[in-house]
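Take a look at the letters that make up each chain.
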Protein chains: 2
Amino acid sequence: MGDELTLQGLHDLAEGAAVLGTGGGGDPYIGRLLVERELAEGRRVRIIGADELPDDALVLPSSMMGAPTVFVEKLPSGGGNVAAFRALEEHLGRRAYAVMPTECGGLNSMIPLMLGAQLDLPVVDADGMGRAFPELQMQTFGVLGVSGSPMAIASDHGDTCIIDAGDNKRMEQMARALTIQMGGASYISDYPMDTAEVRRTSVHGTLSLCRDIGRTLREARAAHTDPFDALTAMLADTIYSLGVVLFRGKVVDVERRTVDGFARGKALLQAVEDPDDVLEITFQNEHLVARRNGRVIAIVPDLICTLATDTGAPVPTESLAYGQRLTVYAISTPPIMRTPDALACFGPAGFGLTDPYTPLEDLLPVS
Amino acid sequence: MGDELTLQGLHDLAEGAAVLGTGGGGDPYIGRLLVERELAEGRRVRIIGADELPDDALVLPSSMMGAPTVFVEKLPSGGGNVAAFRALEEHLGRRAYAVMPTECGGLNSMIPLMLGAQLDLPVVDADGMGRAFPELQMQTFGVLGVSGSPMAIASDHGDTCIIDAGDNKRMEQMARALTIQMGGASYISDYPMDTAEVRRTSVHGTLSLCRDIGRTLREARAAHTDPFDALTAMLADTIYSLGVVLFRGKVVDVERRTVDGFARGKALLQAVEDPDDVLEITFQNEHLVARRNGRVIAIVPDLICTLATDTGAPVPTESLAYGQRLTVYAISTPPIMRTPDALACFGPAGFGLTDPYTPLEDLLPVS
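Residues numbered from 1 in each chain as written. Chains lettered and ligands numbered in written order. Predicted model: local features only at pLDDT ≥ 70, side-chain atom pairs only at ≥ 80, totals over all residues. Heavy atoms only, no water.

The UniProt record marks residues 167-360 of chain A with the feature "domain: S-Me-THD-like C-terminal" (unreviewed entry), using the residue numbering of this structure. Secondary structure content for residues 167-360 of chain A is 28% helix and 35% strand, and the end C-alpha separation is 30 Å. (UniProt positions renumbered as here; feature names shortened; annotations may be inferred. Helix = DSSP H or I, 4+ residues; strand = E, 2+ residues; numbered from the N terminus.)

This is the structure we're talking about:
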């Protein structure tokens, strides 16, 4: 990528990020507005590959923490991310060379772009999930040995904390408790890394991929071709390799609670042609498992995306509503996310699910 | 005081601290053992007056945070307080000259003595409450303008956090949430102060006073004289001035829950001679208000102490039990704790009580 993000590129990236956000990671519209404001004020977003980093760079990820249901009511301020980023720099006694995302998501892919524009720092084209996950320890960074600590967390009131936990799961628990105290949403900077760690532990090229997904959907709409076919064709040449339509139906029930700092719940879809054919999706901020008539047909960390049937536009969990026509689209997660250590961290067991992990391609009906 | 604490002095101090702990501040037996271990290993406790500090000293208070009901089951480790103290020093980029207590209490008066012995630092003979209170913002330090932040908090797992809040009440809320995550008990160092701030904002001489209270009770027991009369005579010459027996009875009911990180509840006492004469004490870690037959007869920040009727030994809230013979003894709080700003912070309204503050001496029956 290596060059400046255009307004069109930003729109594409925001939409693609919400697709890979698998229902979580925040609303793409809110996130996009934060970056649009920066571009409108003459600042610029520079995206660079991990291979373009100097060898001695310090890279700090930046994101928001909390339930997406809260972000809708409490719009993010720009200052919180700067406060967390600067607090971590100060604690480390070093300036960062670049910022990077921790996950793909409508909001959390945008936060590092906003911060990069505000602080005039490049944004690394990589992240720690290649999708969105609800908890901080669920990152390839940690799976591959990087400590999430020290991390910084900031509130809308200008309060900051530095957490130094010996374990990334305990870091998550402490940061979650603080986020709840901070009003359900907070600004964080965690997993400080050097160049070698970024190159070794991250999912590469995900910002470019988000932009490509968004462009593919936009071009399909303009050409009046099927957006899902276009998406499947495009993904075939990426590290994700497989994208497939799992189900088409309408939302007939949504159960959603904001509890323990997460948006937890279930959505039930009914096939348009056959009311007895139902799909149930369970989510914790992100979609975790899809069961068709009781049988698991896709499960975390493979991606379960809820997209509008007419346009392919991603619909986040906090926007799921009765009557929506949705296409449930699954994407196989990249190999770095399917190792035994990775599955122990963010496979089904990491979410308390008793279903085993079965790769998406093994769950597909033989056609 | 200025000299080394003896084993006898330690025993007296622990008992006196539990008296001023007004039911909270932790168990004096557990706290005493922590310091006894240090003395047994040849380390020493040096107590100095605030007037003996060099003008440019950095003083860091040290204490435990959490519900006393938890401390009983989860004994404090020495390492946690050192970790919090060192984390705050590191954050400030400066070594402390001395440690000091934040409150009087069976456990929290002992923690700084233990730390002083471990780190070979003097302990300042002063604190921020002159009694115990359940929340971190409830300190004369903060009432008189000192920021509680930055503060350090450590867990038994070796995790540490630095909290930098713009407001002492928000600092309390964040630290409380972390303490709950840390298992209900944590080790903290807060309100970093210079010499001038210590001198201006603290309640002076409270360690000496605790030791004098303990010695008075011990000597009364040895002489077979009334410990409460002896206490009243001794307090007359201190900044507390008034000590008075409010009620003698037995415990007939205790309602106690560990909720939101606090031990909350009520105790009901019945007069030995007259079963219709009852006293109800409401507590949040510490005793907040005493109502005799429905009428308030003592209220926070005046001190309400539950002492064993036969010995005068303090009985903390977590040890209250059916059938105990208790004497409820009240002590008027020093003038620095009765200013309008002080009452706004830790008077009845600070605890959500609707009763107004009335000084102890105005509530006494004219005799």
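And the narrative resumes.
Residues and elements named next belong to chain A. For chain A, the assigned domains are domain 1 (7-204) and domain 2 (226-363). Here domain 1 and domain 2 have C-alpha centroids that lie 24 Å from each other. Facing 37 residues of domain 1, the contacting portion of domain 2 comprises 36 residues. Approximately 2,800 Å² of surface area, both sides summed, lies buried where domain 1 meets domain 2, with 69% of it carried by carbon and sulfur atoms. (Domains from an automatic or database assignment. Contact = heavy atoms within 4.5 Å. Buried area = accessible area lost by both parts, 1.4 Å probe.)

With that settled, consider the nonpolar core. Counting 149 residues, the largest nonpolar core has L113 of chain A together with L113 of chain B as its most contacted members. Excluding anything up to four places from it in sequence, L113 of chain B contacts L5, L10, L13, V35, V45, I47, V123 and L207 of chain B. A98 of chain A together with V59, I153 and M193 of chain B belong to the second largest nonpolar core, which has 54 residues in total. (Core = buried A, V, L, I, M, F, W, Y, C linked by side-chain atoms within 4.5 Å. Buried < 20%, exposed > 50% of the residue type's maximum accessible area, 1.4 Å probe, protein only.)

Residue and element names in this part refer to chain A. Ordered by their spatial adjacency, 7 strands build an open sheet running β16-β15-β14-β13-β12-β18-β17, and the pairing between neighbours is antiparallel. What marks the edges here is a single partner per strand, and that holds for β16 (295-299) and β17 (303-308). Here the average twist between neighbouring strands, direction ignored, is 35 degrees. As paired elements, strand β12 (residues 243-259) and strand β13 (residues 262-271) share 10 bridges and run antiparallel to each other. Looking across to β13, one finds that D253 is bridged to L268. Each of β12, β17 and β18 (325-331) touches helix α10 (residues 227-235); the most contacted strand, β18, lies at about 10 degrees to it. (Pairing = 2+ DSSP bridges. Axes fitted to C-alpha atoms, helices over the stretch in contact; angles between N-to-C directions.)

Here the focus is the relation of the copies chain A and chain B. Each of the two copies of the chain can be brought onto the other by a rotation about an axis and a shift along it. If you rotate chain A by 180 degrees and push it 0.0 Å along the axis, it lands on chain B with an RMSD of 0.0 Å. With respect to symmetry, the two chain copies, as superposed, fit the operation of a two-fold axis. Residues of chain A ranked by C-alpha distance from the rotation axis are headed by I162 of chain A, positioned 2.5 Å from it. Of the residues that chain A buries at the interface, 100% are likewise interface residues in chain B, meaning the two copies contact each other through the same surface. (Least-squares fit on C-alpha atoms with pLDDT ≥ 70 in both.)

Chain A puts 17 residues into the contact, and the matching count from chain B is 17 residues. If you sort the residues of chain A by the area they bury against chain B, D159, M174 and Q181 of chain A come out on top, with a joint share of 33%. Put simply, chain A and chain B have 2 salt bridges between them. Across the pair R170 of chain B and D159 of chain A runs a salt bridge whose closest N-O atoms are separated by 2.5 Å. Between the two partners, chain A and chain B, sit 7 residue pairs in polar contact (both at pLDDT 80 or more). Looking at the side of chain A that touches chain B, the elements that each hand over two or more residues are β8 (160-164) and α7 (168-181) of chain A. Looking at the side of chain A that touches chain B, the element that brings in the most residues is α7 of chain A, giving 6 residues. Split into classes, the residues belonging to the side of chain A that touches chain B amount to 8 nonpolar, 6 polar and 3 charged. For β8 of chain A and strand β8 (residues 160-164) of chain B, the ladder comprises 5 bridges, and the chain directions are antiparallel. What sits directly across from I163 of chain A, in β8 of chain B, is C161 of chain B. (Salt bridge = Lys/Arg side-chain N within 4 Å of Asp/Glu carboxyl O. Polar contact = N/O pair within 3.5 Å; in protein donor to acceptor, adjacent residues only side chain to side chain. Nonpolar A, V, L, I, M, F, W, Y, C, P; charged D, E, K, R; others polar.)

Enumeration according to the criterion identifies 42 salt bridges over all chains in this entry. Here R338 of chain A makes a salt bridge to E361 of chain A, at a shortest N to O gap of 2.7 Å. Here R338 of chain A, found in the loop between β18 and α11 (340-346), pairs with E361 of chain A, found in helix α12 (residues 360-363); they are 23 residues apart in sequence, far enough to count as distant. Among the residues examined, E361 of chain A registers a relative accessible area of 37% and is labelled partly exposed. For D212 of chain B, the salt bridge goes to R215 of chain B, with nearest N and O atoms at 3.4 Å. Here D212 of chain B pairs with R215 of chain B, and both are found in helix α9 (residues 206-223), just 3 residues apart, close to one helical turn. R215 of chain B sits in the partly exposed class, given a relative accessible area of 32%. Put simply, R211, D212, R215 and E219 of chain A are held in one network by salt bridges that share partners.

With that out of the way, let us pick up the sheet that holds strand β3 (residues 63-66) of chain B. The strands that make up a sheet pair up through hydrogen bonds in the backbone, lying either parallel or antiparallel. Reading across from one edge, β3(A)-β9(A)-β7(A)-β8(A)-β8(B)-β7(B)-β9(B)-β3(B) is the order of the 8 strands in this open sheet, with antiparallel pairing throughout. Strands at the two margins of the open sheet, each flanked by one partner only, are β3 (63-66) of chain A together with β3 of chain B. For this sheet, the mean angle separating the axes of adjacent strands, direction not counted, is 30 degrees. Packing of helix α4 (residues 78-92) of chain A onto the sheet brings it into contact with β3, β7 (151-154), β8 and β9 (185-189) of chain A, and relative to β9 of chain A it is tilted by some 35 degrees.

Time to look at the pairing of strand β15 (residues 286-292) of chain B. All names here are of chain B. In terms of burial, β15 is largely enclosed, as 5 of its 7 residues are buried. Looking at chain direction, strand β14 (residues 278-284) and β15 are connected through 6 bridges and run antiparallel. Of the residues in β15, the one forming a bridge with I281 is A290. In this antiparallel pair of consecutive strands, β14 and β15, the connection spans 1 residue, and N285 shows a positive phi of 60 degrees.

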